[in-house]
Amino acid sequence: MRRSYLLLATTIMLASCSPKAAEDFSTAGRLAKATETGKYMYAHQDDLNYGHTWYLEEGRSDVRDVCGKYPAIIGFDMGRIELGDSLSLDKVPFDYIVKVANSHIANGGIVTFSWHPRNPLTGGDAWDVSSTEVVKSIIPGGQKHEVFMNWLKKAADLLESVNGGNGIIFRPWHENYGNWFWWGGKLCTDEEYQSLWDMTYDYMVNERGLTGLLWAFSPNADVDKEGYMSRYPGDEIIDLFGLDAYQYGSAEDFKALLKDRLAYVKELAQEHEKLYALTETGHEGIPEEKWWTEVLDSAIKDTGISYVLTWRNACDMPGHFYGPFPGAACEEDFKAFEALDNTLFLDDINKR
Ligand code: BMA
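Residues numbered from 1 in each chain as written. Predicted model: local features only at pLDDT ≥ 70, side-chain atom pairs only at ≥ 80, totals over all residues. Heavy atoms only, no water.

Before going further, it helps to spend a moment on the pattern of salt bridges. In a structure, side chains of opposite charge can pair up when their charged atoms sit close to one another. Inspection of the entire model under this criterion finds 21 salt bridges. Between Lys136 and Glu133 there is a salt bridge whose closest N-O contact spans 3.9 Å. For Lys136, a relative accessible area of 45% corresponds to the partly exposed category. Residue class for Glu133 comes out partly exposed when judged on its relative accessible area of 40%. A salt bridge links Glu332 to Lys335, with the shortest nitrogen-to-oxygen separation between them at 3.1 Å. Here Glu332 pairs with Lys335, and both are found in helix H11 (residues 331–339), just 3 residues apart, close to one helical turn. (Salt bridge = Lys/Arg side-chain N within 4 Å of Asp/Glu carboxyl O. Buried < 20%, exposed > 50% of the residue type's maximum accessible area, 1.4 Å probe, protein only. Helix = DSSP H or I, 4+ residues; strand = E, 2+ residues; numbered from the N terminus.)

So, in structure tokens, the structure goes:
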């Protein structure tokens, strides 16, 4: 989707001065407004699918169980849709994903989709980095091109079944400077990576007519400003500049990393007139009791990001959680995080 966010921001400013002007309630409009007003939306991966101790309980959410509100944005993953499977790679039925994603949108929420597809050349998973020929094999002229076009068709069918694909933040080919996915930094050339994006965009938008998708570019944090742009798919494709950055060491180091990286992501997004966000983050198992207010909010509150997404609370891996849940050490602090003026949850973004 092509648009100028500067224009959007101006429209929002004018709208707030004039009682007659209608507010832009689109996904892009609301994300831009968050940035304009110095607030950010809270997003949680798989929030409605399962939580720390439960699986597929309709309407349940670890986030709501803790603070009484749903996240503004819910993240979903499409891994295994390409095989025509009924269950995602994290064992969620795709028909359930479609149902809860549509209901979150109907409630005024926003959804984002990532994709960890299998390795189309070796038959391994997204983390199979045994070959540097995978991307080359699926772009036009490659031996697996037809196979992969069929994978794209299944992915497009899924996106289309969620609000017709409209207003969905689609975030394929993420963490592209790391070497842990088959489309990663050392696994394909810059040209091959860009062809992968061109092919994905061309199919989804031009062939399938999914013109309402918002396209997010979300590199991992191991790059500087110049490195970040070295595989940028282009202004014609991208709507949102993202960053995937996790805490592995001390809180101080992590805060410094976020401040440094988000400063240049902001500069780049402004130069290119795009939205920007912290598209994945977290500290596995959240060891710090005040992680939400003293680490996360403290690092991102002045960056202008439109949203922050923390990764999933797996129900079958007790230590693998990045969000709150009842009984977690960080529970009280998450309530304080929700109560901050600058954090936006579903109830804060769904009012027209
Ligand atoms: C990773 C882990 C895995 C999961 C994958 C895709 O970060 O959470 O357990 O399968 O994401 O969601």
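Let us keep going from here.
Turning our eyes to something else, we now look at the environment of Glu289. By the element assignment, Glu289 lies in the loop between strand S11 (278–282) and helix H10 (291–300). Its relative accessible area of 56% is what places Glu289 among the exposed residues. Not counting residues within four places of it along the chain, the set of residues in contact with Glu289 comprises Ala329, Cys330 and Asp333. (Contact = heavy atoms within 4.5 Å.)

Once that is clear, we can look at a negative patch on the surface. On the surface, a cluster of negative charge is made up of Asp198, Asp202, Glu207, Asp235, Glu236 and Glu273. By the element assignment, Asp202 lies in helix H7 (residues 190–207). (Patch = residues over 30% accessible without salt bridge, like charges linked within 9 Å, V, L, I, M, F, W, Y side chains within 5 Å. Areas by Shrake-Rupley, 256 points an atom, 1.4 Å probe, with all protein chains shown as cover. Lys, Arg positive; Asp, Glu negative; His and termini not counted. Charge placed at Lys NZ, Arg CZ, Asp CG, Glu CD.)

This part covers the site of the ligand. Around the ligand, the surrounding shell consists of Leu89, Asp90, His116, Trp127, Trp311, Arg312 and His320. Asp90 places a side-chain nitrogen or oxygen 2.6 Å from an oxygen atom of the ligand. Contact between the ligand and Trp311: an oxygen atom at 3.0 Å from a side-chain N or O atom of the residue. Notes on the ligand: free accessible area 310 Å², of which the protein chains cover 77%. In terms of residue class, the shell around the ligand is built from 3 nonpolar, 2 polar and 2 charged. (Near = heavy atom within 4 Å. Polar contact = N/O pair within 3.5 Å; in protein donor to acceptor, adjacent residues only side chain to side chain. Nonpolar A, V, L, I, M, F, W, Y, C, P; charged D, E, K, R; others polar.)

Let's shift gears to the pairing of S11. When you tally the buried positions in S11, you get 5 out of 5 residues, the bulk of the element. Here strand S9 (residues 244–246) pairs with S11 via 3 bridges, running parallel. Residue Asp244 lies in a different strand from S11, and its bridge partner there is Glu280. When S11 meets strand S12 (residues 307–310), the two strands line up parallel, connected through 2 bridges. In the sheet register, Thr281 faces S12, and the bridge partner there is Thr310. (Pairing = 2+ DSSP bridges.)

So, about the packing of aromatic side chains. Here the structure, examined in full by the defined rule, presents 35 aromatic pairs. Residues Phe148 and Trp151 carry aromatic rings whose centres are separated by 5.9 Å and whose planes lie at 50 degrees to one another, so their mutual orientation is tilted. Of the two residues, Phe148 and Trp151 both sit in helix H6 (residues 145–160), 3 residues apart, roughly one turn of that helix. Residue classification places Phe148 among the buried positions, given a relative accessible area of 0%. (Phe/Tyr/Trp six-rings, centres within 6.5 Å; stacked < 30°, edge-to-face > 60°.)

Here H6 crosses H7 at 50 degrees, and the two axes come no closer than 10 Å. By the angle between their axes, H6 is oblique relative to H7. Relative to H7, the crossing made by H6 is right-handed. Here His145, Phe148, Met149, Leu152, Lys153, Ala155, Ala156 and Leu159 of H6 come into contact with H7, specifically with Leu196, Met199, Thr200, Tyr203 and Met204. Classifying every residue of the contact of H6 with H7 gives 10 nonpolar, 2 polar and 1 charged. (Axes fitted to C-alpha atoms, helices over the stretch in contact; angles between N-to-C directions. Parallel < 35°, antiparallel > 145°, perpendicular 65-115°, else oblique. Left-handed = near helix turned anticlockwise from the far one by under 90°.)

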